[in-house]
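Residues per chain, in single letters:
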Amino acid sequence: MRTLGEPVTVGDLMTGDPIVALTDMPLADAASIMDFYRVSGLPVVDRDGALVGVISTTDLLHARTTEPLSGVWPGLAVRHVMTHPALTVTPDVAVGDAARLMETQHIHRLVVTAADRETPIGVLSISDLIRSMGRLSE
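Residues numbered from 1 in each chain as written. Predicted model: local features only at pLDDT ≥ 70, side-chain atom pairs only at ≥ 80, totals over all residues. Heavy atoms only, no water.

To continue, consider the environment of Leu-101. Its location among the elements puts Leu-101 in helix H6 (residues 95–105). A C-alpha to C-alpha distance of 9.6 Å links Leu-101 and Val-89, two positions twelve residues apart in sequence. For Leu-101, the contacting residues outside a window of four places in its chain are Val-89 and Leu-110. (Helix = DSSP H or I, 4+ residues; strand = E, 2+ residues; numbered from the N terminus. Contact = heavy atoms within 4.5 Å.)

Written out as structure tokens, the structure reads:
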């Protein structure tokens, strides 16, 4: 049980067991997964399950609307447009520190990794932070 004044950690707020995209996945498949699960980004892993980046709806939109890329959209894979490297935190990081990192880096999600810094175990998103603020006000 947490004591009064003890900082909340990323592990307390993150969405665990993240849905991931593979580097070789077609962009259309990544877009379908994001739509189905109603998420705006996915950690990207290689064939060994190691984190290599993040793909977001912003990345997809940019690829779809950028003139040189729009014509080759059907042939693009996640690795072509993902943001890499992914910014990560471990579950023991204080939420305030993670929120400041997101704000200074202008990003909407952090991938939460195991101690090895390669295995994604969760995602901390702006939505997770907002939900926690709502609970605090109750």
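With five of five residues buried, strand E6 (residues 109–113) lies mostly within the body of the structure. Burial along E6 is two-sided: Arg-109, Val-111 and Thr-113 and Leu-110 and Val-112, pointing in opposite directions, are all buried. Across two bridges, the pairing between strand E5 (residues 88–89) and E6 is parallel. Residue pairing in the sheet places Thr-88 in a bridge with Val-111 of E6. Read as a crossover between parallel neighbours, the route from E5 over H6 to E6 is right-handed. Relative to strand E7 (residues 120–125), E6 runs antiparallel, the two being bridged by five bridges. (Buried < 20%, exposed > 50% of the residue type's maximum accessible area, 1.4 Å probe, protein only. Pairing = 2+ DSSP bridges. Right-handed = clockwise from strand over helix to strand, strands pointing away.)

With respect to topology, four strands assemble into an open sheet ordered E1-E7-E6-E5, the strand pairing being mixed. Each edge of the open sheet carries a strand with a single partner, namely strand E1 (15–16) and E5. Sitting on the sheet, H6 is in contact with E5, E6 and E7, with an inclination near 135° to E6. (Axes fitted to C-alpha atoms, helices over the stretch in contact; angles between N-to-C directions.)

A few words now on the pattern of salt bridges. Using the criterion set out here, one finds four salt bridges in the structure. A salt bridge links Asp-24 to Arg-79, with the nearest nitrogen and oxygen atoms 2.7 Å apart. Placement of the pair is Asp-24 in the loop between strand E2 (21–22) and helix H2 (27–37) and Arg-79 in helix H5 (residues 78–81), with a sequence separation of 55 residues. Here Asp-97 makes a salt bridge to Arg-100, at a shortest N to O gap of 2.6 Å. With Asp-97 and Arg-100 both in helix H6, this residue pair falls three residues apart, about one helical turn. We classify Asp-97 as partly exposed; its relative accessible area is 42%. (Salt bridge = Lys/Arg side-chain N within 4 Å of Asp/Glu carboxyl O.)

Moving on, we come to unusual backbone geometry. At the junction of His-84 and Pro-85, the peptide bond is cis and its omega measures out at -5° in the coordinates. As for its position among the elements, Pro-85 is in the loop between H5 and E5. Even without a glycine there, the phi angle at His-106 is positive, about 55°. One non-glycine residue, Arg-117, lies in positive phi territory at about 65°. By the secondary structure assignment, Arg-117 is in the loop between E6 and E7.

So, to be careful, I would describe these as geometric facts and stop short of saying anything about function.
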